[in-house]
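Single-letter residue listing:
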Amino acid sequence: DTSGSMSGTPENIAKALTLCLASMAHKQDRQCFLINFSTDINTFDFSKDKGLGELLKFLQMGFHGGTDVFPALWKGLEMMKENAYQKSDLLVVSDFEFSYKNEELLNAMNEQRKKGNHFFGLSIVEEYSYYYNRVNQERNYQKLFDEMWKCSPHNYDVRRLYSHIENITTSNTESAN
């Protein structure tokens, strides 16, 4: 997320984390597809033939406008249909200053979960209570993400908000029996 609300420290944390995860994937010879989003998206397929310079150039981009995560999630779902990304997971790093309302997207994500994909969120927020004390908002994010963490940019404290991975795995196993 490189929207305006992520400017400064939150965006720097998000980009540093992205650099770290992409570098790890590259060293492990794993596929890594990056989506930079605000109200629009830019993408970068960080494959084995691409260098660190190209990754750094991609990470320097930013939109600094509004926030619409749904085009990024749709693009992630599209990529999961390609052979190289069929068993991939998706991580959204954002301050989550966007509205939740897209049942069609949620249904598509649930179909991908049946194929073994997972969806994670890392929220970089100035104050925990601002977004997560609103119960309905948190429930909506729980529908989108299998597991969600929050990180304070002031003290880098990372906490798990919730995890539904066990429930999803259990229900998939039970339905297979």
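See the structure printed just above.
Residues numbered from 1 in each chain as written. Predicted model: local features only at pLDDT ≥ 70, side-chain atom pairs only at ≥ 80, totals over all residues. Heavy atoms only, no water.

J.: Please explain the overall build of the chain as it appears in this structure.
T.: Secondary structure summary: the chain contains seven helices and six strands in total. Going residue by residue from the N terminus, the α and β elements of the chain occur as α-β-β-α-α-β-α-β-α-α-β-β-α. When the 177 residues of the chain are sorted by exposure, 43% land in the buried category. Element-wise, carbon and sulfur atoms account for 49% of the exposed surface of the chain, whose accessible area totals about 9800 Å². (Helix = DSSP H or I, 4+ residues; strand = E, 2+ residues; numbered from the N terminus. Buried < 20%, exposed > 50% of the residue type's maximum accessible area, 1.4 Å probe, protein only. Areas by Shrake-Rupley, 256 points an atom, 1.4 Å probe, with all protein chains shown as cover.)

J.: Please explain unusual backbone geometry as it appears in this structure.
T.: Glycine aside, residues mostly have negative phi angles, and peptide bonds mostly take the trans form. A positive phi angle, near 55°, is found at Asp29, a position not held by glycine. Residue Asp29 is classed as exposed on the basis of its relative accessible area, which comes to 51%. Its identity as a non-glycine residue notwithstanding, Phe96 has a phi of 60°, on the positive side. Structurally, Phe96 can be placed in the loop between β3 (90–94) and α4 (103–114).

J.: Mind showing me how you'd approach helix α3 (residues 70–79) here?
T.: Because the α-helix completes a turn every 3.6 residues, residues three or four places apart line up on one side. Within α3, burial applies to Phe70, Ala72, Leu73, Gly76, Leu77 and Met79. Its buried side turned inward, α3 meets β1 (33–37), β2 (41–45), β3, α4 and β4 (119–124). (Contact = heavy atoms within 4.5 Å.)

J.: So what exactly am I meant to see when it comes to the pattern of salt bridges here?
T.: Evaluation of the coordinates by the stated rule reveals four salt bridges. For the salt bridge of Lys114 with Glu111, the shortest nitrogen-to-oxygen distance reads 3.1 Å. Here the residue Lys114 and the residue Glu111 both occupy positions in helix α4, the gap between them amounting to three residues, near one helical turn. Taking the relative accessible area as the measure of exposure, Glu111 reaches 42% and is therefore partly exposed. One salt bridge connects Asp146 with Arg113, and the closest N-O pair in it is separated by 2.4 Å. Taken together, the positions of Asp146 in the loop between α6 (135–144) and β5 (147–151) and Arg113 in helix α4 put the pair 33 residues apart, joining distant regions of the chain. Classification of Arg113 as buried rests on a relative accessible area of 6%. (Salt bridge = Lys/Arg side-chain N within 4 Å of Asp/Glu carboxyl O.)

J.: Explain the pairing of β2 to me, please; I cannot follow it from the model alone.
T.: Looking down a regular strand, the side chains alternate between one sheet face and the other. The sheet contact formed by β1 and β2 spans five bridges and is antiparallel. By the bridge assignment for β2, Ile35 is matched with Thr43. (Pairing = 2+ DSSP bridges.)

J.: I would appreciate a short explanation of the nonpolar core in the present structure.
T.: Across soluble globular proteins, you tend to see nonpolar side chains buried next to one another. With 17 residues, the main nonpolar core has Val69, Leu73, Val92, Leu105, Met109, Phe119 and Phe145 as its most contacted residues. Looking at this core, the elements that each hand over two or more residues are α3, β3 and α4. The element contributing the most residues to this core is α3, with four residues. Discounting residues that sit within four places of it in the chain, Phe119 has contacts with Leu77, Met80, Leu90, Met109, Gln112, Arg113, Leu144, Phe145, Asp146 and Glu147. Cys32, Phe44, Leu55 and Leu59 belong to the second-largest nonpolar core, a separate cluster that totals nine residues. (Core = buried A, V, L, I, M, F, W, Y, C linked by side-chain atoms within 4.5 Å.)

J.: Quick question: what am I supposed to make of the packing of aromatic side chains here?
T.: Here the distance between the centres and the angle between the planes together describe a pair of aromatic rings. Applying the stated rule across the entire model yields five aromatic pairs. The interplanar angle of 90° and the centroid separation of 5.6 Å between the aromatic rings of Phe96 and Phe145 together place this pair among those described as edge-to-face. Here the residue Phe96 occupies a position in the loop between β3 and α4, and Phe145 occupies one in the loop between α6 and β5, the gap between them amounting to 49 residues. On the accessibility criterion, Phe96 (1% relative accessible area) is buried. Taken together, the ring pairs in this structure connect Phe44, Phe46 and Phe58 into an aromatic cluster. (Phe/Tyr/Trp six-rings, centres within 6.5 Å; stacked < 30°, edge-to-face > 60°.)

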